[in-house]
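Working through the structure, step by step
One-letter residues, chain by chain:
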Amino acid sequence: MREIELTAGTVEYEDTGVRGGADADSGGPTVVLLHGLMMDASLWDGPIAELSGERRCVAPTLPLGAHRRAMRDDADLSLPGVARLVVEFLDRLDLRDVTLVGNDTGGALVQLVIAECAAERVGRVVLVSCEAFDNLPPGLTGRTLALAGKLSPRMFGLFMQQMRIGAVRRLPVAFGWLTKRGGAATGRWMRPVITQPDIRRDAVRMLRAVFADTRVLLRAAERLPVFDRPALVVWARDDRVMPLAHGRRLAELLPQGQLVEIGDSYTLVPLDQPTELAAAVREFTRVPDPDPRRLLPAPPSGHQSACHDRRADRG
């Protein structure tokens, strides 16, 4: 596990696989993978194992409740704040033309990155069964976290002690409607918040900030049509937390959006169907044979002008 110092604090991340840009012989662009609330980068272990032989895979553990390094006291842990942290992460590692992938709340972060015109380093996006539109907090699990976040850090820690028990983690109020097969992973994710007081403080602060603005994704959705680069929406057909209708609507909003539905999976497709998800990402990021007449690609002019106009309006 590597570390990088960002403005919010120290962020751990996995960086594995074949290095090379979209035009390299390695076969495709760097894939950056974002996880959801109360999870860490290990959400992506299965897909990374499938993809790392031909892609560089970078997966940060964001300060969303299962991180192991506490953030600074003044860190902005709202969804827009963590989205800005993702952009800073890409900048600091100088990652270019990345495929930005997000599952669960990670998909919400991807939407915020591209909606805020902070996607200069993003060549493609993949949204995997995630919060969208008015689905915040999402389902029974999200509403439980929103309520738990109102507790003091000490009481939150006591509440989370029950997550040591696998049967409790499998309940619908916990991870039961998020994954069919990820019991071992959910146990690992609970350890930092159960054992580290500073992580409990971060988690409470994060949950309060995330759920303080429940319309943030509705506003982001209004700006998604500005992102005119390739976009893949992958949705679990059996999802009980993220409505399939939202996946179809996202694919329609994105100018180059396409939809893939995956069966026998709940929200956490990277845990339930890692091979099928990796195959979808591999196909989506496959680079065609290079045209020797082609110069270095410029960012889509429509995307730039739309962002420029909106920034001018803000000024």
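Relevant structure appears above.
What comes next concerns the included structure. (Residues numbered from 1 in each chain as written. Predicted model: local features only at pLDDT ≥ 70, side-chain atom pairs only at ≥ 80, totals over all residues. Heavy atoms only, no water.)

**Quick notes on the overall build of the protein chain**
Of regular secondary structure, the protein chain possesses 13 helices and 8 strands. Expressed as a percentage of the 315 residues in the protein chain, the buried residues total 56%. About 13,300 Å² of surface is accessible on the protein chain, with carbon and sulfur atoms providing 51% of the total. (Helix = DSSP H or I, 4+ residues; strand = E, 2+ residues; numbered from the N terminus. Buried < 20%, exposed > 50% of the residue type's maximum accessible area, 1.4 Å probe, protein only. Areas by Shrake-Rupley, 256 points an atom, 1.4 Å probe, with all protein chains shown as cover.)

**Let's talk about helix α2 (residues 79-92)**
For α2, built from 14 residues, the straight-helix expectation of 20 Å at 1.5 Å per residue is met to within 8% by its first-to-last C-alpha distance of 20 Å. Of all 14 residues that make up α2, 10 are buried, and the element is covered over most of its length. Two or three places before G81, at the start of α2, stands the capping residue S78, its side-chain oxygen 3.1 Å from that residue's backbone nitrogen. (Expected span 1.5 Å × (residues − 1). Polar contact = N/O pair within 3.5 Å; in protein donor to acceptor, adjacent residues only side chain to side chain.)

**A look at helix α12 (residues 274-284)**
What α12 keeps buried is the set L277, A278, A280, V281, R282 and F284. As for α12, its buried residues are in contact with α1 (45-51), β6 (122-130), β7 (231-236), β8 (257-262) and α11 (269-272). (Contact = heavy atoms within 4.5 Å.)

**What to know about the environment of Q196**
Structurally, Q196 can be placed in the loop between α7 (183-195) and α8 (197-210). Remark: the alpha-carbon pair of Q196 and R68, spanning 128 residues in sequence, is separated by 8.1 Å. For Q196, the side chain forms a polar contact with the main-chain oxygen of R68, separated by 3.2 Å.

**Details of the pattern of salt bridges**
Considering all chains together, one arrives at 21 salt bridges under this definition. For the salt bridge of R282 with E54, the shortest nitrogen-to-oxygen distance reads 2.8 Å. Here R282, found in helix α12, pairs with E54, found in the loop between α1 and β4 (56-61); they are 228 residues apart in sequence, far enough to count as distant. The buried category is assigned to R282, whose relative accessible area is 18%. Given a relative accessible area of 27%, E54 falls into the partly exposed group. We note a salt bridge from R121 to D94, for which the minimum N-O separation is 2.9 Å. (Salt bridge = Lys/Arg side-chain N within 4 Å of Asp/Glu carboxyl O.)

**What about the packing of α2 against helix α3 (residues 105-115)?**
Contact pair α2 / α3: the axes reach a minimum separation of 9 Å and the direction vectors enclose 75°. The orientation of α2 with respect to α3, classified from their angle, is roughly perpendicular. On α3, the residues touching L79, P80, V82, A83, V86 and V87 of α2 are T105, L109, L112 and V113. (Axes fitted to C-alpha atoms, helices over the stretch in contact; angles between N-to-C directions. Parallel < 35°, antiparallel > 145°, perpendicular 65-115°, else oblique.)

**Re the nonpolar core**
With 104 residues, the main nonpolar core has L37, L100, W189 and L250 as its most contacted residues. In terms of residues, this core owes the most to one element, α2, which gives 8 residues. Here W189 is in contact with M38, M39, D40, S42, L43, A66, F175, L268 and L271, once residues within four sequence places are set aside. (Core = buried A, V, L, I, M, F, W, Y, C linked by side-chain atoms within 4.5 Å.)

**Thoughts on the packing of helix α5 (residues 153-160) against α8**
Contact geometry of α5 with α8 gives a least axis separation of 9 Å together with a crossing angle of 100°. By the angle between their directions, the pair α5 and α8 is classed as roughly perpendicular. Facing α5, whose interface residues are P153, F156 and G157, α8 presents R200, R201, A203, V204 and L207. Looking at the contact of α5 with α8 residue by residue, the class counts come to 5 nonpolar, 1 polar and 2 charged. (Nonpolar A, V, L, I, M, F, W, Y, C, P; charged D, E, K, R; others polar.)

**A short note on unusual backbone geometry**
Note the cis peptide between L136 and P137, where omega equals 0°. Tracing the backbone shows P137 in the loop between β6 and α4 (139-148). Backbone geometry at D264 places phi at a positive 50°, although glycine is not the residue there. Position of D264 among the secondary structure elements: in the loop between β8 and α11.

**Description of the packing of aromatic side chains**
Following the criterion strictly, the structure yields 2 aromatic pairs and no others. Relative to F89, the ring of Y13 has its centre 5.3 Å away and its plane inclined at 80°; by these criteria the two rings are edge-to-face. Here Y13, found in strand β2 (residues 9-17), pairs with F89, found in helix α2; they are 76 residues apart in sequence, far enough to count as distant. F89 shares its class with Y13; the two are buried. Ring geometry for F175 versus W189: centroids 5.8 Å apart, planes at 55°, classification tilted. Here the residue F175 occupies a position in the loop between α6 (166-169) and α7, and W189 occupies one in helix α7, the gap between them amounting to 14 residues. (Phe/Tyr/Trp six-rings, centres within 6.5 Å; stacked < 30°, edge-to-face > 60°.)

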